[in-house]
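Topology and contacts: notes
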Amino acid sequence: MLDFFTIFSKGGIVLWCFQGAGVTESFTGPVNALIRSVILQERSGNNSYTHEALSLKYKLDNEFELIFVVGFQKILTLTYVDKFIDDVQLHFRDRYKNELEKKGALKHLNFSYEFEDDFKMLLKEAEDSSKARSATMRTFEQSEKSQKTVKSMIEVKGGDKAKEPGGKKNKNTKKEAPAAEPQPAKVDQGKNASSGQKMVENGNQGLTADEIIQKKREEFFRKRTVVPAEKTSKSPKPQKPRKKQMRVWDMGGSSTKDLDHSYKNGNSNGDEQNMEAQIDPGMQLNSMKGDLLSVDCESSEDEEMEEEEEEEEEEERVVVSQTSKTSSKKGGGIGGMFGMLKGLVGSKSLTRADMESVLDKMRDHLIAKNVAAEIASQLCDSVAKKLEGKVMGTFTTVASTVKQALQDSLVQILQPKRRVDILRDVMEAQNQRRPFVITFCGVNGVGKSTNLAKISFWLIENGFSVLIAACDTFRAGAVEQLRTHQRRLNSLHPPEQHGGRPVVQLYEKGYGKDAAGIAMEAIAYARNQAFDVVLVDTAGRMQDNAPLMTALAKLIAVNMPDLVLFVGEALVGNEAVDQLVKFNQALADHSMSDKPRLIDGIVLTKFDTIDDKVGAAISMTYITGQPIVFVGTGQTYNDLRSLNARAVVSALMKA
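Let me sum up the structure you'll find in this document. A quick note: this is a predicted structure, and the numbers were derived from the prediction, not measured.

Description of the side chain of Glu461
Looking at where Glu461 falls in the secondary structure, it is placed in helix 17 (residues 448–461). Judged by relative accessible area, Glu461 falls into the buried class, the value being 3%. Polar side-chain contacts of Glu461 include one of 2.7 Å to the side chain of His493.

Structural data, given as structure tokens:
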């Protein structure tokens, strides 16, 4: 039933492997995919991984730096796999403990691990126990339902069972009722019994049936004679508020023709270009050549050092108290001192219980820093699996060990699997005599058009010509916004400085048109006019809007851009997970190829508004596995940065 089972070190040396009968395909592909996508990317919170038709389960042994991986067909439901992989790990450790303690790759290569007989024995035991569990079914007499009786299921008013003291009173009143009247009829006896029951329920103990009837008559007549309260008069209708009067400015003028710039259609003369350039005197030209500067997250190193020292002291006190308690039970003051030193010096192997309290604090801290709750839990589970069984270093505490492991994991997540170098890719596209196409997508109001203009400015500063495709044919004012950016960019870099040709142009066909068709025409126009880069602006859409998500998937599938960038704001928390998952799912569902184009990178906007709550960067990269290519840090064209993983992590870990 198992396709393969392999045991290898974290250095990549296979110590032992097993391949099932009839399995001819090599297991190196699935195992390598597991290493690349899960283990190296610090995503080991979940111990299962699916690769094509195979389901893989794995277990980390941090003490001896080993990884145990089992693979089977994902259509099978093997309930014994989790326990089986634990048994194999313990058996393998116990049998080859002396050999595993010898460090070095050559020692592993020279030694032969004969484990096949033990493995088959453990596999047979696991399969037999699974069959035994599934074959035995309880009889009806063994079930809890058979123990219930009708009497035990009867409940009286108030939630008390019939066998409660209240129920006993019920029975007594039933017995006393017939004794009160000599020779009553059967119907009267039933009435008396029911009236006795109502007596107990309503608290009228000690009253006869006639007295109860008389009491109820009095209550009935009292209710009938109560005069109903007079209806209150209707409140007067509120007066309609006066309409707001239109304000008339003293120097406003009466004509709106001066505000209408639509007739210019993006073409402006030299005087208007100079006016545009003089609007923002703080704009620094020729300041963004080459790679972008990395984003800075302000953090006080002194505060961090103080917090670390306080945490370490607190944890040391916990360790000392625990070791002193255990040693005092064994007896002797010397033993208590020795236990304290033993707890600090580093012969202690970490367990999940040791890390539980620290991990809970770390999880709450990450959620407070805007990391999605689900992602924070998965990160802490991954750190726990990474550290479980690991021997602590000399004079290190649990808190410092867990914090350092979490920092390393966060840095590893933020560092991309592949580096996106847009300048290099644009030069390669130039050599192939074609434009480099970037498509921007995202939800409403995150700043797609603004950051598209920033990226245009950066590309112009590096000597490339840009064509902006206005494919947002849905939002009113979207084309005019891009036209304004085009006019400003051309004023900052006049055509006279570039051979009389505008460095940025706008390709637009108005509103209500097919966005995929406009993008295709823009790419063809850029190829004919020898533009270096095409930036495709799309309409903002919520991830739950199926028609708009289908249109976006069509635009990407038809035009096949070189880069698909998701624009997300740094203010979101749990919503980032939902947005990225559904955007990727829509692109995969509506694609026409077996390998659909998904999101290739992320543009993180409004980064200057969040202080140290930078958790959205972790959530987005963790979900997609793709890098953050650009970070927007302001409202001017110069406010564009690249991500500094270590600076973001230091801000994230700051209390």
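Having seen it, we continue.
Overview of unusual backbone geometry
Backbone geometry places Glu52, a non-glycine residue, at a positive phi of 55 degrees. With respect to the helices, strands and loops of the structure, Glu52 is situated in the loop between strand 3 (48–51) and strand 4 (54–61). Even without glycine at this site, Ala530 takes up a positive phi of about 60 degrees. Inspection of the secondary structure puts Ala530 in the loop between helix 19 (515–528) and strand 9 (533–538).

Description of the pairing of strand 5 (residues 66–73)
In terms of burial, strand 5 is a largely internal element, seven of the eight residues being buried. As paired elements, strand 1 (residues 4–9) and strand 5 share six bridges and run antiparallel to each other. The residue of strand 5 that forms the bridge with Ser9 is Leu66. Across eight bridges, strand 4 lies against strand 5 in antiparallel orientation. Bridged to Tyr58 within strand 5 is Val69. Linkage of strand 4 to strand 5, two consecutive antiparallel strands, is achieved through a turn of four residues, within which Glu65 is found at a positive phi near 60 degrees.

Observations concerning the sheet that holds strand 4
Read across the open sheet, the five strands follow the order 2-1-5-4-3; overall the sheet is antiparallel. Edge positions in the sheet fall to strand 2 (14–19) and strand 3, since each of these pairs with one other strand and no more. Within this sheet the neighbouring strands show an average axis-to-axis angle of 20 degrees, counted without direction.

Overview of the sheet that holds strand 6 (residues 436–442)
Across the sheet, eight strands lie side by side as 8-7-9-6-10-11-12-13; this open sheet has mixed pairing. Each of the sheet's edge strands pairs with one partner strand only, and the pair in question is strand 8 (504–507) and strand 13 (640–641). Examined bridge by bridge, strand 7 (residues 466–471) and strand 8 share four bridges and lie parallel to one another. Each residue of the ladder has a partner; that of Ala469, found in strand 8, is Tyr507. Docked against the sheet, helix 18 (residues 478–492) engages strand 7, strand 8 and strand 9, running at close to 165 degrees with respect to strand 8. Each of strand 6, strand 7, strand 9 and strand 10 (563–569) is contacted by helix 20 (residues 546–559), which is oriented at about 165 degrees to strand 9, the strand it contacts most.

Thoughts on the nonpolar core
With 117 residues, the main nonpolar core has Val402, Ile422, Trp458, Leu459, Phe607 and Phe630 as its most contacted residues. Top contributing element to this core by residue count: helix 15 (residues 398–414), with nine residues. Those residues in contact with Val402, other than ones at most four positions away along the chain, are Met355, Val358, Leu359, Met362, Val383 and Leu387. Judged by nonpolar contacts, the second largest core, of 27 residues, contains Ile7, Leu15, Phe72 and Ala126.

Brief notes about the packing of helix 21 (residues 575–589) against helix 22 (residues 615–624)
Remark: helix 21 packs on helix 22, axes separated minimally by 9 Å, with the N-to-C direction vectors making an angle of 30 degrees. Judged by the angle between their axes, helix 21 and helix 22 are roughly parallel. In the packing of helix 21 onto helix 22, the handedness of the crossing is right-handed. Between helix 21 and helix 22, the residues in contact are Ala576, Val577, Leu580, Val581 and Asn584 and Ser619, Met620, Ile623 and Thr624, respectively. A breakdown of the residues in the contact of helix 21 with helix 22 according to their chemical character gives six nonpolar, three polar and no charged.

Focus: the environment of Leu640
Relative to the elements of secondary structure, Leu640 occurs in strand 13. Judged by its relative accessible area of 1%, Leu640 falls in the buried class. Measuring from C-alpha to C-alpha, the distance between Leu640 and Ser294 comes to 9.0 Å, with 346 residues separating the pair along the chain.

Observations concerning the environment of Phe68
Mapped onto the fold, Phe68 is located in strand 5. The spacing of Phe68 and Cys17 is 51 residues in sequence and 9.7 Å in space, taken between C-alpha atoms. In contact with Phe68, other than residues within four places in its own chain, are Phe5, Thr6, Ile7, Lys57, Tyr58, Lys59, Asp61, Ile85, Val88, Gln89 and Phe92.

Here's the deal with the packing of aromatic side chains
The geometry of an aromatic ring pair is captured by two quantities: the separation of the ring centres and the angle between the planes. Enumeration over the complete set of coordinates arrives at 19 aromatic pairs. Relative to Phe119, the ring of Phe84 has its centre 5.4 Å away and its plane inclined at 65 degrees; by these criteria the two rings are edge-to-face. With Phe84 in helix 2 (residues 81–95) and Phe119 in helix 5 (residues 116–135), this residue pair connects regions lying 35 residues apart in the sequence. Phe119 matches Phe84 in its accessibility class, with the two residues each being buried. Three or more aromatic residues joined by ring pairs form one cluster here, namely Phe5, Trp16, Phe18, Phe68, Tyr80, Phe84, Phe92, Tyr96, Tyr113, Phe115 and Phe119. Geometry around Phe531 places Arg501 over its ring, the cationic atom sitting 4.5 Å from the centre.

A closer look at helix 19
For helix 19, built from 14 residues, the straight-helix expectation of 20 Å at 1.5 Å per residue is met to within 8% by its first-to-last C-alpha distance of 20 Å. Looking at the buried side of helix 19, the elements it contacts are strand 6, strand 7, strand 8, strand 9 and helix 20. Just beyond helix 19, the residue with positive phi is Ala530, at close to 60 degrees.

Concerning helix 16 (residues 422–431)
Every α-helical turn comprises 3.6 residues, leaving residues that sit three or four positions apart pointing alike. Within the sequence span of helix 16, burial applies to Ile422, Leu423, Val426 and Ala429. The buried side chains of helix 16 occupy one side of the element, clustering within an arc of 120 degrees when seen end-on. Close packing links the buried residues of helix 16 with strand 6, helix 17, strand 9, strand 10 and strand 12 (628–632). Following helix 16 by one or two positions, Arg433 adopts a phi angle in the positive range, close to 55 degrees.

Section: the packing of helix 13 (residues 352–368) against helix 14 (residues 373–387)
Contact pair helix 13 / helix 14: the axes reach a minimum separation of 9 Å and the direction vectors enclose 150 degrees. Considering their axes alone, helix 13 and helix 14 lie roughly antiparallel with respect to each other. In this structure, helix 13 meets helix 14 at a crossing whose hand is right-handed. Counted together, Arg352, Met355, Leu359, Met362, Arg363, Leu366 and Ile367 of helix 13 and Ala373, Ala376, Ser377, Leu379, Cys380, Asp381, Val383, Ala384 and Leu387 of helix 14 form the full contact between these two elements.

Section: the pattern of salt bridges
A complete count under the given rule lists 22 salt bridges for this structure. Linking Asp360 and Arg363 is a salt bridge whose minimum nitrogen-to-oxygen distance equals 2.9 Å. One end of the pair is Asp360 and the other is Arg363, both in helix 13 and three residues apart, which spans about a single turn. When its relative accessible area of 17% is taken as the criterion, Arg363 is described as buried.

Side note on the pairing of strand 8
Covered by surrounding structure in strand 8 are Val504 and Leu506 together with Gln505 and Tyr507, the residues of both alternating faces. Taking the sense of rotation as the criterion, the β-α-β connection linking strand 7, helix 18 and strand 8 turns out right-handed.

Quick notes on the rules
- Residues numbered from 1 in each chain as written.
- Predicted model: local features only at pLDDT ≥ 70, side-chain atom pairs only at ≥ 80, totals over all residues.
- Heavy atoms only, no water.
- Helix = DSSP H or I, 4+ residues; strand = E, 2+ residues; numbered from the N terminus.
- Buried < 20%, exposed > 50% of the residue type's maximum accessible area, 1.4 Å probe, protein only.
- Polar contact = N/O pair within 3.5 Å; in protein donor to acceptor, adjacent residues only side chain to side chain.
- Pairing = 2+ DSSP bridges.
- Axes fitted to C-alpha atoms, helices over the stretch in contact; angles between N-to-C directions.
- Contact = heavy atoms within 4.5 Å.
- Core = buried A, V, L, I, M, F, W, Y, C linked by side-chain atoms within 4.5 Å.
- Parallel < 35°, antiparallel > 145°, perpendicular 65-115°, else oblique.
- Left-handed = near helix turned anticlockwise from the far one by under 90°.
- Nonpolar A, V, L, I, M, F, W, Y, C, P; charged D, E, K, R; others polar.
- Phe/Tyr/Trp six-rings, centres within 6.5 Å; stacked < 30°, edge-to-face > 60°.
- Lys NZ or Arg CZ within 6 Å of the ring centre and 35° of its normal.
- Expected span 1.5 Å × (residues − 1).
- Arc of directions from axis to C-beta.
- Salt bridge = Lys/Arg side-chain N within 4 Å of Asp/Glu carboxyl O.
- Right-handed = clockwise from strand over helix to strand, strands pointing away.

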